[in-house]
Amino acid sequence: MSKEISLAEVKKHNKPNDLWVIIEDKVYDLTKFLKEHPGGEDSLKSVAGRDGTKEFIDVGHSQEARQIMKKFLIGNLAASDIKKKKPVGCREIGLAVGGILLGVALIYAFKYATAKK
Ligand code: HEM
């Protein structure tokens, strides 16, 4: 199992000579890659010690870049620091469907009540 690293720990490594970055909940030590990065040093420095997932994806990195990054993987972001995406629960779906059915039933009831006899 790979190492779990907390967000607080990653934040400490925010300098060019000690540069960690979080990408897709994984932690990379890019200190040695800084000078080799085809996208320049500044882009990596701008996300030093923090989550650079959005920036990494926005660039549209190649498969080759994804291969290279594996060499610098040092661990996973601690589960407690991973932002949980709230899924839409069954309760919400149930309420929405119930609301729509009630609305349709009311329209029919109204039409029936006001229909000319
Ligand atoms: C382990 C992490 C990373 C690796 C291995 C990596 C590798 C590469 C490689 C190989 C390229 C050349 C183009 C390609 O093959 O896609 C590239 C370009 C680039 N990267 Fe990264 N990169 C990493 C992280 C980042 C991050 C976090 C940022 C932004 C904050 C970034 C910004 C850029 C930019 C701006 C380019 C230039 C794109 C262009 O010229 O069109 N990279 N990177």
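Predicted model, so just to flag it, every value in this text is computed and none were measured. (Residues numbered from 1 in each chain as written. Predicted model: local features only at pLDDT ≥ 70, side-chain atom pairs only at ≥ 80, totals over all residues.)

## Section: the overall build of the protein chain
Helix and strand counts for the protein chain stand at 5 helices and 5 strands. Listed by position from the N terminus, the elements making up the protein chain come as β-α-β-β-β-α-α-α-β-α. Relative to the 2.2 N^0.38 estimate, which gives 13 Å for 117 residues, the radius of gyration of the protein chain is 25 Å and therefore markedly larger than a compact globule would have. The principal-axis extent of the C-alpha atoms belonging to the protein chain is close to 85 × 30 × 25 Å. A separation of at least 24 residues holds for 69% of the contacts in the protein chain among residues at least 6 apart in sequence. (Helix = DSSP H or I, 4+ residues; strand = E, 2+ residues; numbered from the N terminus. Rg over C-alpha atoms; globule rule 2.2 N^0.38 Å. Contact = placed C-beta atoms within 7 Å.)

## As for the site of the ligand
Surrounding the ligand, one finds 21 residues, the nearest of these being Gly39, Gly52, Glu55, Ser62 and Met69. Where the shell around the ligand is concerned, the elements lending two or more residues are helix H2 (41-45), helix H3 (53-59) and helix H4 (63-70). Residues that form the shell around the ligand fall into these classes: 12 nonpolar, 7 polar and 2 charged. (Near = placed C-beta within 6 Å. Nonpolar A, V, L, I, M, F, W, Y, C, P; charged D, E, K, R; others polar.)

## Re the UniProt feature "transmembrane region" (unreviewed entry) in the protein chain
This chain's UniProt record puts "transmembrane region" (unreviewed entry) on residues 93-110. Between the end C-alpha atoms of residues 93-110 the distance is 26 Å, and the span holds 100% helix and 0% strand. (UniProt positions renumbered as here; feature names shortened; annotations may be inferred.)

## Here we look at the nonpolar core
Among the nonpolar cores identified, the biggest contains 14 residues, and Leu19, Trp20, Val21, Ile22, Val27, Tyr28 and Leu44 are the most heavily contacted of them. Contributions of two or more residues to this core are made by strand E3 (18-23) and strand E4 (26-29). If we ignore the near neighbours within four places in the chain, the residues touching isoleucine 22 are Val10, Val27, Arg50, Asp51, Gly52, Thr53 and Leu77. (Core = buried A, V, L, I, M, F, W, Y, C linked by C-beta atoms within 7 Å. Buried ≥ 20, exposed ≤ 12 C-beta atoms within 10 Å, placed from the backbone.)

## Focus: unusual backbone geometry
One non-glycine residue with positive phi stands out, namely glutamate 24, at about 50 degrees. With respect to the helices and strands, the residue glutamate 24 is situated in the loop between E3 and E4. Residue class for glutamate 24 comes out exposed when judged on the 11 C-beta atoms lying within 10 Å of it. One non-glycine residue, aspartate 25, lies in the positive phi region at around 65 degrees. Inspection of the secondary structure puts aspartate 25 in the loop between E3 and E4.

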